[in-house]
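A look at the structure
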Amino acid sequence: MKKCNDQVCYCQNQGACLQKNRHHLKNRLEEMRLPEAVNRLPWHDYFMAHAMLAAFRSPDPSTQVGCVIVKDKRIKSEGYNGYPTGVEPFTWDRDPETPFVDSKYTYVIHAEINAVLNASREDCRGATAYMTLFPCNVCAGVMISAGIKDIVFFDDKYHDMDFSKAARRLLRAANVPFTQYEGIIEKLWIERRNES
């Protein structure tokens with residue numbers, strides 16, 4: 001069969017026809033190029049939105065925190081704050097006057113630690129952690145030890161607290177940069193369907 005035209009070649013010797021067809025195909029693809037998606041999130045915003053989404057899994061009624069660990073534009077792990085796996089919450093009390101053993105702060109595992117625990121050591125080494133709240137000193141130390149290279153946080157509501165000051169000191173000493181998120185996402189809202 002030796003039928004050739006501009007779009008398809010059925011001949012035995014296709015060399016010249018293939019070259020012509022490649023050029024034609026390239027031109028057609030250029031003409032068909034689709035515009036960029038208008039609502040497509042940049043990676044930075046996508047990862048922060050994912051950290052916000054992870055926070056929705058937290059059972060803490062007062063402070064829901066989420067964290068994702070990202071390496072090579074891939075989410076390697078995520079975590080949220082809550083009681084250790086398998087432990088039913090017995091207090092969510094956060095009053096500063098509450099005795100230590102009756103306060104949630106004694107028992108809750110932070111989102112950043114859960115994200116590190118859910119990842120492999122290799123996943124953390126050189127990765128970026130996106131989190132909804134600036135880490136405390138313990139979480140900062142865990143992330144440094146795990147090999148996290150960069151931290152992006154959304155909220156810094158405890159900026160002047162001693163544990164936040166200690167976290168910044170640790171991160172600076174380990175040369176781990178931390179920056180407050182300045183992307184396009186202000187908050188993430190999920191509207192649930194009414195369950196009937």
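The structure we're discussing is the one just above.
Described in the following lines is the structure provided in the data block.

What counts and what doesn't
- Residues numbered from 1 in each chain as written.
- Predicted model: local features only at pLDDT ≥ 70, side-chain atom pairs only at ≥ 80, totals over all residues.
- Heavy atoms only, no water.
- Buried < 20%, exposed > 50% of the residue type's maximum accessible area, 1.4 Å probe, protein only.
- Helix = DSSP H or I, 4+ residues; strand = E, 2+ residues; numbered from the N terminus.
- Contact = heavy atoms within 4.5 Å.
- Phe/Tyr/Trp six-rings, centres within 6.5 Å; stacked < 30°, edge-to-face > 60°.
- Expected span 1.5 Å × (residues − 1).
- Polar contact = N/O pair within 3.5 Å; in protein donor to acceptor, adjacent residues only side chain to side chain.

**Description of helix α5 (residues 137-146)**
Taken as a whole, α5 has its buried residues at Cys139, Ala140, Gly141, Met143 and Ala146. Buried residues belonging to α5 abut α3 (111-117), α4 (121-124), β3 (128-133), β4 (150-155) and α6 (162-173). Gly147 lies just past α5 and shows a positive phi near 100 degrees.

**So, the packing of aromatic side chains**
Applying the stated criterion across every chain yields a total of 12 aromatic pairs. Measuring from ring centre to ring centre gives 5.9 Å for Phe154 and Tyr181, while their planes differ by 35 degrees; the resulting arrangement is tilted. Here Phe154, found in strand β4, pairs with Tyr181, found in the segment after β5 (178-180); they are 27 residues apart in sequence, far enough to count as distant. For Phe154, a relative accessible area of 25% puts it in the partly exposed group. Judged by its relative accessible area of 7%, Tyr181 is buried. Joined through ring pairs, the aromatic side chains of Trp43, Tyr46, Phe47 and Tyr130 make up one cluster.

**A word on helix α2 (residues 43-55)**
Count 3.6 residues to each turn of an α-helix, and residues three or four apart come out pointing the same way. Given a rise of 1.5 Å per residue, 13 residues ought to cover 18 Å, and the 19 Å separating the end C-alpha atoms of α2 matches this to within 8%. Its buried side turned inward, α2 meets β1 (66-71), β2 (74-80), β3 and β4.

**Describing the side chain of Asn81**
Mapping Asn81 onto the fold places it in the loop between β2 and α3. Taking the relative accessible area as the measure of exposure, Asn81 reaches 5% and is therefore buried. Here Ser58 takes part through its side chain, which lies 2.9 Å from a polar atom of the side chain of Asn81. In this structure the side chain of Asn81 is engaged in a polar contact, spanning 2.7 Å, whose partner is the backbone nitrogen of Val65. Once you skip the residues sitting within four places of it in the chain, Asn81 turns out to touch Ser58, Pro59, Asp60, Thr63, Gln64, Val65, Val108, Ile109, His110 and Ala111.

Honestly, that's just the spatial picture; any functional story needs more than this.
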